[in-house]
Amino acid sequence: MRPCPALTAALAVAATLPLTGTTASATTGAASRPATCQEKALAVHAAPGGQRNTARISVVNNGGRACVVDRIPTITFRGLDGSAEVVPPAGSGPYELPPGERAYAAVRTADPAAAEGRVVGSLSVAADPSHLGVTFDAATVGMPEGVHVWVPVTTVWQHSRAAADSALADALG
């Protein structure tokens, strides 16, 4: 059976339209977004938070150009599987860091008096899941008896320390 010429022409036009639109938007989007930050261009820091079971983390872009990290910091705990969950729930996505700029997040672990959980000697922070991250001992983050871990949570990167503290407080009520 031979297809009708009008149908063949319509299929040919329809087949080229999605490809043209997809190629143009993908090229435009890729050209406008900076590349993922190289781990060596970032400085990751951790310090005690405002409460005994919180820590403040930050990342600064020491590179010469804007780059992106994942909007959710990856926070893991020595010897335990998994990482801190983001509150409020959010999906992965890019967070742009201009050169010399810093982003902040807050992480909450379990209250040291809680019966549940485990105590570990350190936590690790990576600005992007593709990075190895930096490990901080418990005393560095203000938890000298160890990091008590039970359903740990973190915020997405924020523009200021106060915004990160507020986001954590708002999410936990």
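Refer to the preceding data block for the structure.
Residues numbered from 1 in each chain as written. Predicted model: local features only at pLDDT ≥ 70, side-chain atom pairs only at ≥ 80, totals over all residues. Heavy atoms only, no water.

A. Molecular detail of the layout of surface pockets. Empty space within the largest pocket amounts to approximately 190 Å³. Gly49, Gly50, Gln51, Thr54, Ala55, Arg56, Ala106, Arg108, Asp165, Leu168, Ala169 and Leu172 together form the lining of the largest pocket. At the level of elements, β2 (54–61), β7 (102–108) and α2 (161–172) are the ones that each hand at least two residues to the lining of the largest pocket. For the lining of the largest pocket, the element with the highest residue contribution is α2, accounting for 4 residues. Across the lining of the largest pocket, the residue classes tally to 5 nonpolar, 4 polar and 3 charged. Residues belonging to the lining of the second largest pocket are distributed by class as follows: 6 nonpolar, 3 polar and 3 charged. (1 Å grid on protein atoms, 1.4 Å probe; cavity = no way out; pocket = protein on both sides within 12 Å on 5 of 7 lines; lining within 4 Å. Points joined across faces, edges and corners; volume = space filled by probe spheres on them. Helix = DSSP H or I, 4+ residues; strand = E, 2+ residues; numbered from the N terminus. Nonpolar A, V, L, I, M, F, W, Y, C, P; charged D, E, K, R; others polar.)

B. Structural context of the sheet that holds β7. If you walk across this open sheet you meet the 5 strands as β1-β2-β7-β12-β5, and the pairing is mixed. Both edges of this open sheet fall to β1 (42–48) and β5 (85–86), since each of them pairs with a single strand only. When β7 meets strand β12 (residues 153–154), the two strands line up antiparallel, connected through 2 bridges. Paired with arginine 108 across the two strands is valine 153, which belongs to β12. α2 contacts β2, β7 and β12 of the sheet and is inclined by roughly 30 degrees relative to β7. (Pairing = 2+ DSSP bridges. Contact = heavy atoms within 4.5 Å. Axes fitted to C-alpha atoms, helices over the stretch in contact; angles between N-to-C directions.)

C. Representation of the side chain of asparagine 53 within the structure. Tracing the backbone shows asparagine 53 in the loop between β1 and β2. You can call asparagine 53 buried: its relative accessible area is 10%. When sequence neighbours within four positions are dropped, the list of residues in contact with asparagine 53 reads Val107, Arg108, Thr109, Ala110, Asp111, Pro112 and Met143. (Buried < 20%, exposed > 50% of the residue type's maximum accessible area, 1.4 Å probe, protein only.)

D. Summary view of the nonpolar core. Val59, Ile75, Phe77, Val141, Val147 and Trp157 are the most contacted members of the largest nonpolar core, which totals 27 residues. For this core, the secondary-structure elements that each account for two or more residues are β1, β2, β3 (67–70), β4 (74–77), β7, β9 (122–126) and β11 (147–149). Contacts of valine 141, omitting those with residues within four sequence positions, involve Ala46, Ala47, Pro48, Thr54, Ala55, Leu123, Phe136 and Val147. (Core = buried A, V, L, I, M, F, W, Y, C linked by side-chain atoms within 4.5 Å.)

E. Representation of the pairing of β4 in the model. What you see with β4 is a clean split: Ile75 and Phe77 sit on the buried side and Thr74 and Thr76 on the side with no burial. As paired strands, β4 and β9 are joined by 4 bridges and run antiparallel to one another. Note on β9: the bridge partner recorded for threonine 76 is serine 124.

F. Local environment of the side chain of aspartate 128. Structurally, the position occupied by aspartate 128 is in the loop between β9 and β10 (134–137). Of the buried charged residues, aspartate 128 lacks a salt bridge, with arginine 33 as the closest side chain of opposite charge at 8.2 Å. Within the structure, aspartate 128 has its side chain in polar contact with the backbone nitrogen of aspartate 70 (distance 2.9 Å). With sequence-adjacent residues up to four places away left out, aspartate 128 is seen in contact with Thr36, Val69, Asp70 and Thr74. (Lys, Arg positive; Asp, Glu negative; His and termini not counted. Salt bridge = Lys/Arg side-chain N within 4 Å of Asp/Glu carboxyl O. Polar contact = N/O pair within 3.5 Å; in protein donor to acceptor, adjacent residues only side chain to side chain.)

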